[in-house]
Amino acid sequence: MSLVVIGSVAFDAIETPFGKTDKIVGGAATYASLAASYFYDKVKIVAVVGDDFPTEEIADLNKHKINTEGLQVKQGEKSFFWAGKYHNDMNSRDTLVTDLNVLADFDPIIPASYQDCEFLMLGNLTPQVQQTVISRIKKRPKLIVLDTMNFWMDIALDDLLKTISMIDVLTINDAEARQLSGEYSLVKAARKILTMGPAYLIIKKGEHGALLFHEDKIFAAPALPLAEVFDPTGAGDTFAGGFIGYMAKVGTVNFNNMKNAIIFGSALASFCVEKFGTEKIRNLTQQEIASRVQEFVSLSRFEL
Ligand code: AMP
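Every value quoted in this text rests on a predicted model; they were computed, and no experiment measured them.

The rules we used
- Residues numbered from 1 in each chain as written.
- Predicted model: local features only at pLDDT ≥ 70, side-chain atom pairs only at ≥ 80, totals over all residues.
- Heavy atoms only, no water.
- Helix = DSSP H or I, 4+ residues; strand = E, 2+ residues; numbered from the N terminus.
- Buried < 20%, exposed > 50% of the residue type's maximum accessible area, 1.4 Å probe, protein only.
- Lys, Arg positive; Asp, Glu negative; His and termini not counted.
- Salt bridge = Lys/Arg side-chain N within 4 Å of Asp/Glu carboxyl O.
- Polar contact = N/O pair within 3.5 Å; in protein donor to acceptor, adjacent residues only side chain to side chain.
- Contact = heavy atoms within 4.5 Å.
- Near = heavy atom within 4 Å.
- Nonpolar A, V, L, I, M, F, W, Y, C, P; charged D, E, K, R; others polar.
- Axes fitted to C-alpha atoms, helices over the stretch in contact; angles between N-to-C directions.
- Parallel < 35°, antiparallel > 145°, perpendicular 65-115°, else oblique.
- Left-handed = near helix turned anticlockwise from the far one by under 90°.
- Pairing = 2+ DSSP bridges.

1. A few points about the side chain of E176
For step 1, the next point in the chain: Mapped onto the secondary structure, E176 falls in helix α6 (residues 174-181).
For step 2, the next point in the chain: For the buried E176, no salt bridge exists, and the shortest N-O distance to an oppositely charged side chain is 5.6 Å, to K204.
For step 3, the next point in the chain: One polar contact links the side chain of E176 to the main-chain amide nitrogen of N150, over a distance of 3.2 Å.
For step 4, the next point in the chain: The contact partners of E176, leaving out residues within four places of it in the chain, are T148, M149, N150 and M153.

Right, dumping it as structure tokens:
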């Protein structure tokens, strides 16, 4: 049994009010698979890079027990490159560069050894590629989580709606939930989105936490107030990776386990923003994660 993560493996250049990086390793699948690896030791990645991608970076994923058999290396081509600059409040950013390079014609290959996939994380990519992955996994996984963004709502809505109808959990931010549903109230937005296919919806609200919707139930997870926020890049992917990694670890899909999964995903995301890029989430200990989760518990515990 395994957890398959698909998404970008990339170079990023990031600028925040606290500093600037040259090309560093990023990508949705990098963040998500690293986060998941703290909970589950059969994480397998499907992605594509160019021959400019350092082999030691792939070796580092392998050190986290992440299987990279499905990571294609295209000779003579360049890896996906993204550059972004955050505004002073760190809640919004401008994309400065998106060089698709190898992602332009990405044909995801699912190795035979990945056909035992029980948990599937579809990281942010074209809805078409996400559908291709679902169709190439012969036995329908127990849980399919989809992460997407407003960009695909703008340019490929029909394809996106089709993908959304095929999955179990959708993770989007509050602005995207409003755009997708045409509703301002997040409760009404969630009701509408839950009729589009997924049984569960997670609405991420950045530094204000996340909401989980299922049938007529709602769970609100706080975000930890942090003294140091250096770089929010990848926080959403890290959240999603931690979420599905925890679900794979417990193995049973239900609302209660998802509540815990959201807290573990939020804990991983809170580490992610404390340093640039993937730096912080490469070197965590189980003890650090456990004590961060306890901080979440105490943050919102009260007695009547
Ligand atoms: P997030 O901050 O959660 O939106 O994720 C940021 C990561 O997504 C960066 O590491 C980028 O490399 C990657 N990324 C940005 N734009 C795209 C895109 N259009 N397709 C795939 N990955 C992207």
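2. Some words on the site of the ligand
For step 1, the next point in the chain: Close to the ligand lie 14 residues; S8, D12, G27, G234 and D237 are nearest.
For step 2, the next point in the chain: In the model, a nitrogen atom of the ligand is placed 2.8 Å from a nitrogen or oxygen of the S8 side chain.
For step 3, the next point in the chain: Within the backbone of G27, an N or O atom sits 2.7 Å from an oxygen atom of the ligand.
For step 4, the next point in the chain: At the level of elements, β2 (10-16), β7 (80-86) and α8 (235-250) are the ones that each hand at least two residues to the shell around the ligand.
For step 5, the next point in the chain: Tallied by class, the residues present in the shell around the ligand amount to 4 nonpolar, 7 polar and 3 charged.

3. Things to note about the packing of helix α9 (residues 255-272) against helix α11 (residues 286-300)
For step 1, the next point in the chain: Where α9 contacts α11, the two axes come as close as 9 Å, and the packing angle between them is 110°. Between α9 and α11, the angle is such that the two are roughly perpendicular. By crossing handedness, the relation of α9 to α11 is classed as right-handed. Contacts between α9 and α11 involve I263, F264, S266, A267, L268, S270 and F271 from the first element and E288, I289, R292, V293 and F296 from the second.
For step 2, the next point in the chain: For the contact of α9 with α11, the per-class residue count stands at 8 nonpolar, 2 polar and 2 charged.

4. Quick notes on the pairing of strand β1 (residues 2-6)
For step 1, the next point in the chain: Buried residues dominate β1, accounting for 5 of its 5 residues.
For step 2, the next point in the chain: Because side chains alternate across β1, one face comprises the buried residues S2, V4 and I6, and the other comprises L3 and V5, equally buried.
For step 3, the next point in the chain: Where β1 meets strand β9 (residues 117-122), 5 bridges bridge the pair, whose relative direction is parallel. Paired with V4 across the strands is L120, a residue of β9.
For step 4, the next point in the chain: Bridge count between β1 and strand β5 (residues 43-50): 4 bridges; the pairing is parallel. Looking at β5, one finds that L3 is bridged to V43.

5. Here's the deal with the pattern of salt bridges
For step 1, the next point in the chain: Summed over the entire model, instances satisfying the criterion amount to 15 salt bridges.
For step 2, the next point in the chain: We note a salt bridge from K42 to D41, for which the minimum N-O separation is 3.3 Å.
For step 3, the next point in the chain: A relative accessible area of 44% places D41 in the partly exposed class.
For step 4, the next point in the chain: K204 is the salt-bridge partner of D147, the closest N and O atoms lying 3.2 Å from each other. In this pair, D147 is assigned in strand β10 (residues 143-147) and K204 in strand β12 (residues 200-204), connecting sequence segments 57 residues apart. Each of the two residues, D147 as well as K204, counts as buried.
For step 5, the next point in the chain: Connected through shared salt-bridge partners, E57, D60, K63 and R282 make up one network.

Purely geometric stuff here, so don't read any function into it on its own.
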